[in-house]
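Read off the chains here:
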Amino acid sequence: MKSGSLCILIFASGLCPGLAGQVLDTILSPNKTVTKRFTVLDQISDPGERRDFLKLYEARNPQVRRTLAVDFIAGYPASWLLPQAYEIAAKASIDLNDSTRALEFGRESLRLLPENPLLLAPLASTALEAGDPAQAEAFARSAIEYLDQFDRPASVAPSEWPVIQSDLKAASYFTLGRAVIAAALKAPSPLKEQKMREAEESLLRVAALRPSDPEVAYVLGLTKLFLKRPKEAAFYFAQARSKPGPASAKALENLRRIYRLSNAAGGASFEEFLASVERSGPPVSVLPGVKAAKTPLGGYAGSEACQPCHSLIYASWRKTGMGRMFRPYRAENIIGDFRAGGVFGDETGAAVARMSVQHDQCYIAIRDAAGTWKTYPVDYTIGSKWQQAYATRLPGGDIQVFPIQYSAIQKKWINYWKIIDPPSSPRAGVSDFPNFTAATNYQTNCAPCHTSHLRLVKTNPSGGGDYAFHEGGINCEMCHGPGQDHVAAMASGKTIRTKADIHLTSFSDMDARDSVAVCAQCHAQSAVRQPGPLGEMNYPSPGAAFPPRYVSRPYAELARRAFYKDGRFRETTFIAEAFRRTACFRQGGATCGSCHQPHGEDPLSNLTSLKFAGDPDRMCLQCHSKFTANISAHTHHPASAEASRCVSCHMPRIMNSLMFKARTHRIDDIPDAGMTARFGPDESPNACLLCHADKDAPWAALQLKSW
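If you're wondering where the values come from, they're calculated on a predicted model, not measured in any experiment. (Residues numbered from 1 in each chain as written. Predicted model: local features only at pLDDT ≥ 70, side-chain atom pairs only at ≥ 80, totals over all residues. Heavy atoms only, no water.)

Novice: Could you give an account of the overall build of the protein, naming the residues involved and the relevant values?
Specialist: Broken down by element type, the protein carries 27 helices and 16 strands. Computed over the C-alpha atoms, the radius of gyration of the protein is 29 Å, within 12% of the 27 Å expected from 2.2 N^0.38 for a compact globule of 707 residues. Burial statistics for the protein: of 707 residues in total, 49% are counted as buried. A separation of at least 24 residues holds for 59% of the contacts in the protein among residues at least 6 apart in sequence. Counting only carbon and sulfur atoms, one obtains 55% of the accessible surface of the protein, whose full area is about 33,200 Å². Each charge sign in the protein was given a centre, from 80 positive and 68 negative side chains, and these centres are 2 Å apart. (Helix = DSSP H or I, 4+ residues; strand = E, 2+ residues; numbered from the N terminus. Rg over C-alpha atoms; globule rule 2.2 N^0.38 Å. Buried < 20%, exposed > 50% of the residue type's maximum accessible area, 1.4 Å probe, protein only. Contact = heavy atoms within 4.5 Å. Areas by Shrake-Rupley, 256 points an atom, 1.4 Å probe, with all protein chains shown as cover. Lys, Arg positive; Asp, Glu negative; His and termini not counted. Charge placed at Lys NZ, Arg CZ, Asp CG, Glu CD.)

Listed below in structure tokens is the structure:
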């Protein structure tokens with residue numbers, strides 16, 4: 001790319017033939033074996049669409065690529081592959097030095113798939129060269145964030161990714177530094193120095209990644225000059241001068257200027273001054289580290305240790321969905337209908353499962369493929385609010401989850417995995433359950449989010465029995481960090497003088513990203529899990545940062561069922577990913593705790609743990625208070641109407657949950673009639689049309705013009 005800065009590698013969208021299939025309610029692991037593999041192309045039913053995209057994907061000439069991309073977009077305006085087609089058009093335009101069209105295509109791609117650092121990094125540089133430093137800064141910051149957040153694309157080999165990731169980060173930081181300098185030069189005097197210090201930080205990061213790049217050294221030298229640090233500036237100008245290129249002559253000119261103005265030069269010649277600069281070594285620069293709460297070094301005490309001091313919170317937590325997520329069998333915890341005669345039939349109507357109770361113990365009998373009935377005890381219950389699953393423990397320690405679950409909403413048994421899994425799912429066949437495959441194993445598929453402190457106890461696991469966990473459900477320390485030192489300190493009667501004396505992580509000290517990361521331990525389906533040094537699967541190593549951060553699988557590689565065609569997430573298993581896209585989080589610092597109370601006073605009646613269950617508008621009006629006095633002026637509906645509730649428009653019920661529609665957590669979305677017109681209401685549901693079902697997208701567009 002012709003950017004006048006660091007070279008940015010430009011990659012086509014990855015559609016690697018070996019891309020592993022995604023089952024949407026199981027844990028992603030880099031080592032998990034999958035029976036079925038697919039690519040995004042495999043999910044496109046139109047053979048012409050597949051053919052035309054492959055033709056586009058395989059083209060190498062930039063002009064040809066862009067032409068084919070434009071033709072594809074025009075020919076398949078509602079394709080699943082639009083983000084990739086727009087991306088290819090944007091990168092081809094960059095190669096053609098057409099920044100206007102590159103930014104136009106790039107924005108369209110990012111509108112559908114915002115988390116794409118491989119596009120954001122080159123677009124940032126393109127925006128800067130096009131004279132839009134504010135857009136360049138926004139693109140660069142997002143690229144840096146996502147390069148840290150996401151795992152390598154499937155199209156990039158593991159051995160190659162560290163170099164590519166480093167190059168993209170360096171280029172993004174360099175663009176960011178130059179964009180902030182441009183903003184600093186136009187800022188009022190009190191802000192100029194602050195902005196220049198921000199630019200200096202970014203450029204120092206580039207210098208750490210690419211210490212021999214003369215252009216980075218030159219721009220860093222200019223920044224140091226502005227900050228009135230001529231000795232440090234001289235070092236970087238000397239670096240830039242030492243390598244051939246356009247920066248060399250300009251660096252030499254600045255070195256002569258510093259030499260003339262420097263009192264330290266005395267009677268030394270310029271050559272002597274230059275030699276002393278080169279001998280001085282790099283200036284000491286301290287970069288701020290990544291902000292993360294420190295985990296106390298102690299171990300985990302367990303939830304029972306919290307009860308003596310926090311009895312009310314403990315009692316409330318015990319009644320929450322988290323506290324009751326995974327429990328050993330007790331008859332009083334069962335919500336399923338196990339009465340005698342309970343039978344579940346397959347699609348042909350033939351009985352494949354029978355439920356029963358014997359001596360206060362529930363059983364599920366499964367008819368295997370040979371027609372033989374096999375009976376298993378229910379050893380564990382999973383869930384307690386809208387749906388409940390059941391599991392049996394095998395002699396070797398494996399816990400296997402039955403495919404049929406009980407829906408408390410529909411009051412009937414359902415084959416849950418058949419509903420949510422792709423066709424030919426290895427676990428959706430009820431009669432296949434007695435095979436006890438890895439697909440139904442609790443420890444490897446469910447435990448990282450349904451139990452506390454899961455640990456791999458064998459280097460090469462052969463099954464669920466090779467894992468151990470501290471507690472079933474989500475306990476106190478999964479959110480607050482290890483509490484053993486805290487319990488010991490409180491038991492000793494130690495006086496609390498500082499927050500450090502508490503020995504626990506405090507949500508009040510976390511920024512929004514750390515706070516949401518606590519909840520994202522379970523509510524981010526894209527997180528990739530792999531064992532830590534001591535086998536830790538869902539908690540940090542001793543002394544490591546809390547909360548733990550898990551890299552995410554690139555969203556473009558998730559099954560299309562995870563999304564609507566307009567780019568919004570369709571499944572509630574991706575609720576943290578949806579929330580992280582919102583302006584509430586990214587700009588306003590909102591967290592899950594802004595609206596939810598995980599252990600409130602009424603967990604049995606307030607199943608969604610809302611802070612303001614009786615007045616839901618308060619969740620939004622606590623920040624957007626300007627709408628409080630006259631809410632109907634904003635909503636264009638009577639204040640008492642359901643349409644005047646903030647969530648009706650900004651959090652419509654469009655996400656698939658456990659047999660019902662849940663509210664989207666991409667909160668700042670405004671009903672987009674254009675997207676609905678393009679993709680249709682099934683692939684771009686519109687909040688207006690959810691109520692006005694007799695209307696269409698053009699009607700919604702007309703109404704929204706008056707807002």
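Novice: For the state of the cysteines, give the residues involved together with the corresponding values.
Specialist: Per the stated rule, a full pass over the model turns up zero disulfides. With no disulfide partner, Cys446 has as its closest neighbouring cysteine sulfur the one in Cys449, 9.3 Å distant. Exposure remark for Cys446: the relative accessible area of 15% places this residue in the buried category. Lacking any disulfide linkage, Cys519 is separated from the closest cysteine sulfur, that of Cys592, by 3.6 Å. (Disulfide = S-S within 2.5 Å.)

Novice: Got a sec to walk through the sheet that holds strand β3 (residues 342-345)? Specific residues and values, please.
Specialist: Spatially, four strands are ordered β3-β4-β5-β6 in an open sheet, and the strand pairing comes out antiparallel. Strands with a single pairing partner mark the edges of an open sheet, and in this sheet they are β3 and β6 (373-377). Ignoring which end each strand starts from, the neighbouring axes of this sheet average 20° apart. The pairing of strand β5 (residues 361-367) with β6 spans five bridges and is classified as antiparallel. Residue Arg367 lies in a different strand from β6, and its bridge partner there is Trp373. (Pairing = 2+ DSSP bridges. Axes fitted to C-alpha atoms, helices over the stretch in contact; angles between N-to-C directions.)

Novice: Give a description of the environment of Asp132 that names residues and reports values.
Specialist: Position of Asp132 among the secondary structure elements: in the loop between α5 (117-129) and α6 (133-149). Excluding its chain neighbours within four sequence positions, the residues that come into contact with Asp132 are Arg107 and Ala127.

Novice: Report on empty space enclosed by the protein, specifying residues and quantitative values.
Specialist: Overall, the coordinates contain four cavities of 30 Å³ or more when judged by the stated rule. Looking at the second largest cavity, its volume works out to about 110 Å³. If you go around the second largest cavity, the residues you meet are Trp80, Pro83, Gln84, Leu112, Leu113, Tyr555, Ala556, Arg560, Phe563, Tyr564, Lys565 and Gly567. (1 Å grid on protein atoms, 1.4 Å probe; cavity = no way out; pocket = protein on both sides within 12 Å on 5 of 7 lines; lining within 4 Å. Points joined across faces, edges and corners; volume = space filled by probe spheres on them.)

Novice: Let's hear about the side chain of Ser407: which residues, and what values?
Specialist: Tracing the backbone shows Ser407 in strand β10 (residues 404-407). For Ser407, a relative accessible area of 0% gives the class buried.

Novice: Tell me about the nonpolar core, residues and numbers included.
Specialist: Of all hydrophobic cores here, the largest spans 92 residues; its most connected members are Leu56 and Phe139. It is helix α7 (residues 161-186) that contributes the most residues to this core, eleven residues altogether. For Leu56, the contacting residues outside a window of four places in its chain are Arg65, Leu68, Ala69, Phe72, Ala85 and Ile88. (Core = buried A, V, L, I, M, F, W, Y, C linked by side-chain atoms within 4.5 Å.)

Novice: Break down unusual backbone geometry for me, with residues and values.
Specialist: The general pattern is negative phi for most residues beyond glycine and trans for most peptide bonds. Cis rather than trans, the peptide bond between Phe546 and Pro547 has omega equal to 0°. Residue placement: Pro547 occurs in the loop between β14 (545-546) and α20 (575-580). Here the phi dihedral of His359 falls at roughly 50°; this positive angle occurs in a residue that is not glycine. The phi angle at Met659 is positive, at roughly 70°, despite the residue not being glycine. Mapped onto the elements of the fold, Met659 is located in the loop between β15 (653-656) and β16 (661-663).

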